[in-house]
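# Residue-level structure breakdown
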Amino acid sequence: MACSGLHKLFDEPAAEKYFGDGALVPSNAELMEQLKVIVEQQKSTTAALAPLEALVADVTELNTSFAYRDAKIQEIEGKVTKLEESNKKISILSDAIVQISLEILDKEQRSRFKNFEVKGVPYQKNENIFDILNKIATRCDIRITEDQISFYTRVRHRSRAGEKPIIVGLSNRCVKDNFVAAARARKGIDASGLGFKNTSAKIYANDHLTPDNKYRLNKTKIVAKQNNFRYLWFNKCRIYE
C-alpha cells in the first residue's frame, strides 16, 4: 500500500512550483529521469574504468617483478664481484706456487751441479765402477782420481729398460764439467773399447739432470728436430740452441 502510494506520488503530475527567486522547481518525474541518467552514467563510467583497474593491477604486478629482478641482479652482481676477488687471489696464489716450484726445481738441480750421469755401461756382477770411470777418463785424455769422487752408484732407469745409468758425485764442479765436456767431445765411447765383450753399446756422460729438466730437454730436442735446428745442447744445466 505504501509502495503504491509512493509510485502514485512520483507518477502523478505535480503542480508547477517555483523557488523564492522565481526559478521553476523540477517535477518528481523530471527528478526521476535525471536520477536514471546519473545512474546510467555511473554504470558507463564503472564499465569504462574496469579495464583501467586491470591495467593498474598489471602495472603493480610488473613493478613487483621488476623489483624482484633488480634484487636478483644485485645479488648476482655481488656474487660476481666476490668471484672476481676470489679469482684474483687464486691467480696470486698460483703465481706464488709457480715461483716456489721453480725455486725448488732450481735448488734440486743445483744440488746436482757436481754430479754427472754415465749411460750405456753394461752391468757386470762385482763390477768396479771406479775402474770403469778411470777407463772412460783415459779414453777421453783426462785424469780422475778416487779422492775426487764423493760417491758413485747405479740407479734405476725411469723407463726400466736398458742398463741402469751410473750416477757419479764429485767433490769439485770444475772436475765434473771437464769430465763431461771431454766425454761429449768423443760423441760416445765404444763399450768394447773399455773391455766389455759382445757389445756395440755406446757410452755417454752428461749432467745429472732432475726429472723435470730431462723432460724439458727431450721436448726441446723434438722441437729442434721439427724446426731443423743445427745445434742443441745442455751445458751447466742450461739448454742452448
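Residues numbered from 1 in each chain as written. Predicted model: local features only at pLDDT ≥ 70, side-chain atom pairs only at ≥ 80, totals over all residues. Heavy atoms only, no water.

### Some remarks on the overall build of the chain
- In terms of regular secondary structure, the chain is built from 5 helices and 9 strands.
- Listing every helix and strand of the chain by position from the N terminus yields α-β-β-α-β-α-β-β-α-β-β-α-β-β.
- In the chain, which comprises 241 residues, the share counted as buried stands at 21%.
- Looking at the chain alone, contacts between residues at least 24 apart form 57% of all its contacts between residues at least 6 apart.
- Put simply, the chain shows about 18,100 Å² of open surface, and 55% of that area lies on carbon and sulfur atoms. (Helix = DSSP H or I, 4+ residues; strand = E, 2+ residues; numbered from the N terminus. Buried < 20%, exposed > 50% of the residue type's maximum accessible area, 1.4 Å probe, protein only. Contact = heavy atoms within 4.5 Å. Areas by Shrake-Rupley, 256 points an atom, 1.4 Å probe, with all protein chains shown as cover.)

### Considering the pattern of salt bridges
- Under the definition given, this model contains 13 salt bridges.
- Between glutamate 117 and lysine 214 there is a salt bridge; the shortest N-O distance is 3.2 Å. One end of the pair, glutamate 117, is in strand β3 (residues 115-119); the other, lysine 214, is in helix α5 (residues 211-226), with 97 residues separating them in the sequence.
- Between lysine 202 and aspartate 190 there is a salt bridge; the shortest N-O distance is 2.9 Å. Of this pair, lysine 202 sits in strand β7 (residues 202-207) while aspartate 190 sits in strand β6 (residues 189-190); the two residues are 12 residues apart in sequence, bridging distant segments of the chain.
- Looking at lysine 202, the relative accessible area reads 38%, which means it is partly exposed.
- Under the relative-accessibility criterion, aspartate 190 is labelled partly exposed at 33%. (Salt bridge = Lys/Arg side-chain N within 4 Å of Asp/Glu carboxyl O.)

### Quick notes on the side chain of aspartate 207
- Positionally, aspartate 207 belongs in strand β7.
- For aspartate 207, a relative accessible area of 5% corresponds to the buried category.
- Reaching out from aspartate 207, the side chain makes a polar contact with the side chain of lysine 176 at a distance of 2.7 Å. (Polar contact = N/O pair within 3.5 Å; in protein donor to acceptor, adjacent residues only side chain to side chain.)

### Some points on helix α3 (residues 129-139)
- Turning to α3, its buried residues are Ile129, Phe130, Ile132, Leu133, Ile136 and Ala137. Taken down its axis, α3 places every buried residue within 160° of arc, on the same side.
- Those residues of α3 hidden inside the fold are in contact with β3, β4 (149-154), β5 (166-170), α4 (173-185), β6 and β7.
- Of the residues flanking the start of α3, the one acting as N-cap is asparagine 128, its side-chain oxygen 3.2 Å from the backbone nitrogen of phenylalanine 130.
- Aspartate 141 sits one or two positions beyond α3 and adopts a positive phi of about 60°. (Arc of directions from axis to C-beta.)

### Details of the nonpolar core
- Ranked by size, the top nonpolar core spans 26 residues in total, and within it Phe116, Val118, Ile136 and Ile203 carry the most contacts.
- Among the elements of the structure, β3, α3, β5, α4 and β7 are those that each provide at least two residues to this core.
- The element best represented in this core is α3, accounting for 6 residues.
- Among all residues touching phenylalanine 116, those that are not within four sequence positions of it are Leu133, Ile166, Ile167, Val168, Leu170, Lys176, Phe179, Val180, Ala205, Asn206, Asp207 and His208. (Core = buried A, V, L, I, M, F, W, Y, C linked by side-chain atoms within 4.5 Å.)

### Some remarks on the environment of phenylalanine 179
- Summarising the element assignment, phenylalanine 179 is placed in helix α4.
- It is 9.2 Å that separates the C-alpha atoms of phenylalanine 179 and isoleucine 136, two residues lying 43 residues apart in sequence.
- Sequence-distant contacts of phenylalanine 179, that is, excluding residues within four places in its chain, are made with Phe116, Leu133, Ile136, Ala137, Ile142, Ile144 and Ala205.

### Side note on the side chain of arginine 112
- Structurally, arginine 112 can be placed in the loop between α2 (28-110) and β3.
- Of the residues examined, arginine 112 reaches a relative accessible area of 17% and is grouped as buried.
- A polar atom in the side chain of arginine 112 sits 3.4 Å from the side chain of glutamate 108.
- Among residues more than four places away in sequence, those in contact with arginine 112 are His208, Leu209, Thr210 and Pro211.

### Quick notes on the pairing of β5
- Taken across its 5 residues, β5 has 5 buried, putting it largely inside the fold.
- Residue alternation in β5 divides its side chains into two sets, Ile166, Val168 and Leu170 and Ile167 and Gly169, and both sets are buried.
- Judged from the 4 bridges that link them, β3 and β5 form a sheet pairing that is antiparallel. From the neighbouring strand, asparagine 115 faces β5, where its bridge partner is glycine 169. (Pairing = 2+ DSSP bridges.)

### Concerning the confidence of the model for the chain
- When pLDDT is averaged across the chain, the result is 81; 82% of the residues are at 70 or more.
- Within the chain, β5 carries the highest mean pLDDT (95), whereas helix α1 (residues 2-11) carries the lowest (46).
- Confidence over residues 1-10 falls short of pLDDT 50; this stretch has 4 contacts with residues more than four positions distant or in other chains. (pLDDT = per-residue confidence, 0-100.)

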